[in-house]
Amino acid sequence: MGSKSELAFPSDEDSAPGFRAGTASLSGGGGAWLEFERGRFRYVVFSFWIRGKGEVAGVAVEADGKRQLTRRCRGAARSELGPDYFSAAGFPPADRDFLP
């Protein structure tokens, strides 16, 4: 039997998940992210392409607006994040920017 997950979203206490989505255009790249907040924490799943680094994807956690943790994917990430997916899913736009 596995251990209990540290975080499951949405949980039984969440009445509406509140996912938001964003995109960013960068000189030589760009990316997209999907985020939600729980209390003072902001969780961000992201996928970016950055010139000189290639694909950068993973999960970031912020507390009170400050980055606490970034975990990058090992190996190639498979992502469908982007404006077409966000529009089809009906995610509202993020109200803050994000960079990995």
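Values in this document were obtained by computation on a predicted structure and should not be read as measured data.

1. Regarding the pattern of salt bridges
- In this structure the tally under the stated criterion is 7 salt bridges.
- Of the charged contacts, one joins Asp 64 and Arg 40 as a salt bridge, the two residues approaching to 3.0 Å between their closest N and O atoms. Residue Asp 64 is found in the loop between strand 4 (54-63) and strand 5 (66-72), and its partner Arg 40 is found in the loop between strand 2 (29-38) and strand 3 (41-50); the two are separated by 24 residues along the sequence.
- A salt bridge links Arg 96 to Glu 62; the nearest nitrogen and oxygen atoms lie 3.9 Å apart. Of this pair, Arg 96 sits in the segment after helix 1 (83-89) while Glu 62 sits in strand 4, and the two are 34 residues apart along the sequence.
- For Arg 96, a relative accessible area of 32% corresponds to the partly exposed category.
- Through salt bridges with shared partners, a single ionic network connects Arg 20, Glu 35, Glu 37, Arg 42, Glu 62 and Arg 96.

Quick notes on the rules
- Residues numbered from 1 in each chain as written.
- Predicted model: local features only at pLDDT ≥ 70, side-chain atom pairs only at ≥ 80, totals over all residues.
- Heavy atoms only, no water.
- Salt bridge = Lys/Arg side-chain N within 4 Å of Asp/Glu carboxyl O.
- Helix = DSSP H or I, 4+ residues; strand = E, 2+ residues; numbered from the N terminus.
- Buried < 20%, exposed > 50% of the residue type's maximum accessible area, 1.4 Å probe, protein only.

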